[in-house]
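As a plain string of letters, each chain reads:
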Amino acid sequence: MLSGYWESVITFAGINVLMGLSLYVPMSAGLISLGQAGFMAIGAYLSAYLTKLGVPFPLAMAAGALAAGIVGLIVGAPALRIRGIYIMILTLGFGEIVRVFFLNFTPTGGALGYSGIQPLTEFYWVLTACAIALVAVWRLRHSRMGRAMIAIHEDDLAAEAMGINLMTVKLFAFSFGAVIAGVAGAFYAHQTLYIDAQQFDFARSATTFLYVVLGGPANPLGPVLGAVLVTILPETLRVVQDWRMTFFGGLLVIAAIWRPDGLLKPLHSYR
Amino acid sequence: MTALLVADAISKRFGGYLALADVGVQIRAGDIHALIGPNGAGKTTLFNIISGVAVPTAGRIAFQGQDYTGRRADQVLAMGVARNFQHVRLFPGLSIVENVMIGCHARMGSLLQELLSYVRLEPRAERDARDRALEVINFVGLQGRIAMLPGELTLVDQRRLEIARALASGPQLLLLDEPAAGMNPSEVNQLDTLIRQIRDSGITVLLVEHHTRLVMAVADRVTVLSAGRVIADGPPSIIQRDEAVITAYLGDSQ
Ligand SMILES: Nc1ncnc2c1ncn2[C@@H]1O[C@H](COP(=O)(O)OP(=O)(O)OP(=O)(O)O)[C@@H](O)[C@H]1O
Ligand SMILES: [Mg+2]
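Computed from a predicted model, the values in this text were never measured in an experiment. (Residues numbered from 1 in each chain as written. Chains lettered and ligands numbered in written order. Predicted model: local features only at pLDDT ≥ 70, side-chain atom pairs only at ≥ 80, totals over all residues. Heavy atoms only, no water.)

Visitor: Got a minute to help me understand the sheet that holds strand S1 (residues 3-14) of chain B in this structure?
Guide: Two modes of strand pairing occur in sheets, parallel and antiparallel, and in both the strands are linked by backbone hydrogen bonds. Residues and elements named next belong to chain B. Read across the open sheet, the four strands follow the order S2-S1-S4-S5; overall the sheet is antiparallel. Unpaired on one side and paired on the other, strand S2 (17-28) and strand S5 (66-67) mark the two borders of the sheet. Bridge count for S1 against S2 is eight bridges, and the pairing is antiparallel. What sits directly across from Val 6, in S2, is Gln 26. (Pairing = 2+ DSSP bridges. Helix = DSSP H or I, 4+ residues; strand = E, 2+ residues; numbered from the N terminus.)

Visitor: Explanation requested: helix H3 (residues 96-104) of chain B in the structure shown.
Guide: For H3 of chain B, a buried count of nine out of nine residues is recorded, marking the element as mostly surrounded by other parts of the structure. Along H3 of chain B, the positions that sit buried rather than exposed are Ile 96, Val 97, Glu 98, Asn 99, Val 100, Met 101, Ile 102, Gly 103 and Cys 104 of chain B. In this structure, the buried side of H3 of chain B is in contact with helix H5 (123-141) and helix H6 (144-154) of chain A together with helix H5 (124-139) and helix H6 (155-168) of chain B. (Buried < 20%, exposed > 50% of the residue type's maximum accessible area, 1.4 Å probe, protein only. Contact = heavy atoms within 4.5 Å.)

Visitor: Just checking my understanding: could you explain the nonpolar core for this structure?
Guide: Side chains of nonpolar character tend, in soluble globular proteins, to be buried together. Counting residues in each nonpolar core, the largest one holds 117 residues, and the members touching the most others are Leu 18, Met 149, Ile 164, Phe 187, Ile 195 and Phe 200 of chain A. For this core, the element with the most residues is helix H8 (residues 166-192) of chain A, which contributes 15 residues. Domain assignment of the residues forming this core places at least three in each of domain 1 (1-80 + 173-254) and domain 2 (90-170) of chain B. Non-local contacts of Ile 195 of chain A, meaning those with residues more than four positions away in its chain, are made with Ala 44, Tyr 45, Gly 113, Tyr 114, Ile 117, Tyr 188, Ala 189 and Phe 200 of chain A. (Core = buried A, V, L, I, M, F, W, Y, C linked by side-chain atoms within 4.5 Å. Domains from an automatic or database assignment.)

Visitor: Would you take a moment to explain the coordination of the magnesium ion (ligand 2) for this structure?
Guide: A four-donor tetrahedral metal ideally has 109.5 degree angles, and a six-donor octahedral metal ideally has angles of 90 or 180 degrees. Residue and element names in this part refer to chain B. Thr 44 (OG1) and Gln 86 (OE1) make up the full set of protein donors to the magnesium ion (ligand 2), lying at 1.9 to 2.1 Å. A residue pair is termed long-range when its members are at least 10 positions apart, and Thr 44 in helix H1 (residues 43-50) and Gln 86 in the loop between strand S6 (81-83) and H3 qualify at 42 residues. Look at Gln 86 and you get partly exposed, because its relative accessible area is 23%. (Donors = N, O, S within 2.8 Å, 3.2 Å for Na, K, Ca; no water.)

Visitor: Would you mind showing me how to read the site of ligand 1 here?
Guide: All names here are of chain B. Taken together, 14 residues sit near ligand 1, with Asn 39, Lys 43, Thr 44, Thr 45 and His 210 positioned nearest. One of the side-chain nitrogen or oxygen atoms of Tyr 17 is found 3.3 Å away from an oxygen atom of ligand 1. Thr 45 is positioned such that a nitrogen or oxygen atom in its side chain is 2.6 Å from an oxygen atom of ligand 1. Of all the secondary structure elements, the ones that give two or more residues to the shell around ligand 1 are S2 and H1. Examining the composition of the shell around ligand 1, we find that three residues originate from one element, H1, more than from any other. For the shell around ligand 1, the per-class residue count stands at five nonpolar, seven polar and two charged. (Near = heavy atom within 4 Å. Polar contact = N/O pair within 3.5 Å; in protein donor to acceptor, adjacent residues only side chain to side chain. Nonpolar A, V, L, I, M, F, W, Y, C, P; charged D, E, K, R; others polar.)

Visitor: Mind showing me how you'd approach the interface of chain B and chain A here?
Guide: Size of an interface, as often reported, equals the accessible area lost when the parts are brought together. Contacts between the two partners involve 35 residues from chain B and, on the opposite side, 29 residues from chain A. One salt bridge in this structure joins Arg 89 of chain B and Asp 155 of chain A, with 2.8 Å as the shortest N-O distance. On the surface where chain B and chain A come into contact, there are six residue pairs in polar contact (both at pLDDT 80 or more). Listing elements by their share of the side of chain B that touches chain A, those giving two or more residues are helix H2 (73-79), H3, helix H4 (111-119) and H6 of chain B. Here the side of chain B that touches chain A gets five residues from one element, more than from any other, and that element is H4 of chain B. Broken down by class, the residue content of the side of chain B that touches chain A amounts to 19 nonpolar, six polar and 10 charged. (Salt bridge = Lys/Arg side-chain N within 4 Å of Asp/Glu carboxyl O.)

Visitor: Looking at this model, I keep getting lost on the domain arrangement of chain B. Mind explaining?
Guide: Residues and elements named next belong to chain B. Under the domain assignment, chain B is made up of domain 1 (1-80 + 173-254) and domain 2 (90-170). In this structure, domain 1 and domain 2 have C-alpha centres spaced 26 Å apart. With 15 residues of domain 1 at the interface, the matching set in domain 2 holds 10 residues. Here domain 1 meets domain 2 over a buried area of about 1100 Å², counting both sides, of which 75% is carbon and sulfur. Taken together, the connections running from domain 1 to domain 2 amount to zero salt bridges. Applying the counting rule to domain 1 against domain 2 returns two residue pairs in polar contact (both at pLDDT 80 or more). (Buried area = accessible area lost by both parts, 1.4 Å probe.)

Visitor: How should I be thinking about the pattern of salt bridges in this particular structure?
Guide: Note that side chains of opposite charge can pair when their charged atoms are close. Counting across every chain of the model gives 15 salt bridges over all chains. Here Arg 60 of chain B and Asp 67 of chain B are joined by a salt bridge, their closest N and O atoms 2.9 Å apart. Residue classification places Arg 60 of chain B among the partly exposed residues on the basis of a relative accessible area of 46%. For Asp 67 of chain B, a relative accessible area of 35% puts it in the partly exposed group. Linked through salt bridges whose partners overlap, the residues forming this network are Glu 160 of chain A together with Arg 72 and Asp 74 of chain B.

This is the structure:
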């Protein structure tokens, strides 16, 4: 059996894999979000609040994911009119709004943080969720919606001229990603047992972005590999742990030069 | 005979520049209708307006008697008007078959069905779309290329693929913007045959082309645009002898 230590490492890696997939989905439609931590926070706080009331964990998780998905629709709506870097600014602002909200929202602890959450996260359930999310994202790639997302990403004018409703597809992408982040948040809250607003800051959104660009933003396995590497490496190599951000910064620079498509090549280039 | 498409008094202004001035065009169902004119005449601009990619500054546009001015491009496609692009715009990250399947999306039903098919493991709509895509790929003569990526095709084959993608949407009106560009004489002959086959399958074609010989051979009717105005409209035999057209576009070589 795995030691408790490794179980916890794998759990966090799995949560990060979910976060990576949550960003992969909107990114494959060309929507780069720098606010995924905001969706994660919504899933974390709401599910923790509900389990404290005695709601069963799966139900609380579903509620957290649903709430994140609905907020995803609201955040996605203005994103329909803007592109590229402005979407990044918009989502960055969203992430900060959520953080500040929970910092001041006293029913869930406010600045003191939210403690006393029950330890309900089992590492095999996290792995199961990762597997389900990965299969869903993989199947999405070979569905009408997934193709439409790629088409929009590559040429939205041609996509619209070929009958694709840009609004439906972009909102779906944003919202589906947010749902996955909400699930990750629920697992996270019931693993750390104490959450505060700072755990869902910009650094977390930026690290999520790192998983995807490092692993490969055009291959569903890319964010999985990225998240696992970034989570496990500091645990196994002491040096990496001390120089964490420097190491990943360097890794990103090297990746940008040698592997601009990420470690894993786009899916369509494997034939 | 009622017209399939009526563009009435269309104007398009880009800043201070009037690209289209009071343009009227009627396209009869079943015709191969050519739109010719010198560079910068406004042909592509008119295409963009007909396909919903651009909104006219003034004027109305109607399809099968129904005004659709100002509709989005995806709504116009769903109505039955599909197009290619003068400067090819394929989706390089999708396979050749997938590019054509994008065209099939318009016929794949509602979003609810989409989500249901997504849950099912072998969605029928998906298989049907693939079959249809392969059929259309055969039709345009690209069946030998389906293992390639769009970016690996020659420009001529990329144009064919764009035509296939447009055809996959099952249009009633197909807009072709300079499909013969870059083609050698034998390829132009193949295109001639293809355009006639498309028309014979019941699809009305609006063709923008600088290849005068092709136009005069396939077109039932020709509209000539120059500096944003219609200067002539009629059957090819008349257009070829029209003084204004010869001066503005065809030149002495005709
Ligand atoms: N988006 C735009 N903004 C400003 N001017 C434009 C725009 N699109 C087209 N124009 C101008 O409008 C005029 C008509 O352009 P259009 O592309 O419709 O010509 P065309 O008849 O298709 O020419 P060609 O045979 O070279 O393709 C040109 O002078 C062009 O520069
Ligand atoms: Mg043009």
